[in-house]
Amino acid sequence: MEAFYTLQGEGYHKGSAAYFIRIGGCDVGCHWCDVKESWDAQNHPPTDIESIVTEAQKYSDTIVVTGGEPLMWDMGPLTASLKKSGLQTHLETSGAYPLTGDWDWVCLSPKKRMLPISELYQQADELKVIVYNNSDLAFAEEQAAQVSSDCKLFLQPEWSRRDTAIPLIVDYVMKHPKWKVSLQTHKYLNIP
Ligand code: SF4
């Protein structure tokens, strides 16, 4: 769909420069999705992998593949080419589809509308739960119960609800310090 060089704004690697490759297509349907234009893959004609990787390696040694939902497609060929070029591969996924591809880092961000398939939980290096309201904290604990013991745990306010979600999250993290706060820092920095 698009590719751009910026900073990773969220989660464990926040603040680090990275090249983002956004894959078109997603059928998860989160009502607060901020990239709804990604949903219909038909609107995003395919780009050949070689061009994507040639461009990516000009900018960064860390590549974040996001969406849309990248795992609707076989990520094997793209990640094989990125790895062959010596690049680190990071994935952002809802986990609703089986994991394909060769990844150095997997960020799992489960969505209630379409839960991760069971094998994804143990493959996650980072669990990032978006908090829209209070009920998402209980959902976060259900999800955290399924990931590996060394998986990093993040609660992130949904952007349009940040004024009400941030106090909830701050209070919750102080009471349950296994969690950390993740903010969409790229939005505060006004960068992509
Ligand atoms: S999974 Fe991601 S891209 Fe898909 S609808 Fe939800 S927020 Fe949007």
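The text that follows walks through the structure, step by step, so that each part is easy to find. Predicted, not measured: the structure shown is a model, and the values here were computed from it.

**Here's the deal with the site of the ligand**
For the ligand, the full set of nearby residues is Cys-26, Val-28, Gly-29, Cys-30, Trp-32, Cys-33, Trp-39 and Gly-68. Class assignment of the residues belonging to the shell around the ligand gives a composition of six nonpolar, two polar and no charged.

**Considering unusual backbone geometry**
For the bond running from Gly-67 to Gly-68, omega is 10 degrees, close enough to zero to count as cis. Relative to the helices and strands, Gly-68 is located in the loop between strand 3 (62-66) and helix 2 (76-84). At Asn-190, a position not held by glycine, the phi torsion is positive, near 60 degrees. Position of Asn-190 among the secondary structure elements: in the segment after helix 6 (185-188). Asn-190 sits in the exposed class, given a relative accessible area of 71%.

**Quick notes on the sheet that holds strand 8 (residues 179-181)**
The strand order across the open sheet formed by eight strands is 1-2-3-4-5-6-7-8, and the pairing between neighbours is mixed. At either margin of the open sheet sits one strand with a lone partner, and together these are strand 1 (2-7) and strand 8. Strand-to-strand twist across the sheet, computed as the mean angle between neighbouring axes with direction ignored, equals 25 degrees. Packing against the sheet, helix 1 (residues 49-59) makes contact with strand 1, strand 2 (17-22) and strand 3, and its axis sits at approximately 160 degrees to strand 2. Each of strand 6 (126-131), strand 7 (152-157) and strand 8 touches helix 5 (residues 162-175); the most contacted strand, strand 7, lies at about 150 degrees to it.

Rules and cut-offs
- Residues numbered from 1 in each chain as written.
- Predicted model: local features only at pLDDT ≥ 70, side-chain atom pairs only at ≥ 80, totals over all residues.
- Heavy atoms only, no water.
- Near = heavy atom within 4 Å.
- Nonpolar A, V, L, I, M, F, W, Y, C, P; charged D, E, K, R; others polar.
- Helix = DSSP H or I, 4+ residues; strand = E, 2+ residues; numbered from the N terminus.
- Buried < 20%, exposed > 50% of the residue type's maximum accessible area, 1.4 Å probe, protein only.
- Pairing = 2+ DSSP bridges.
- Axes fitted to C-alpha atoms, helices over the stretch in contact; angles between N-to-C directions.
- Contact = heavy atoms within 4.5 Å.

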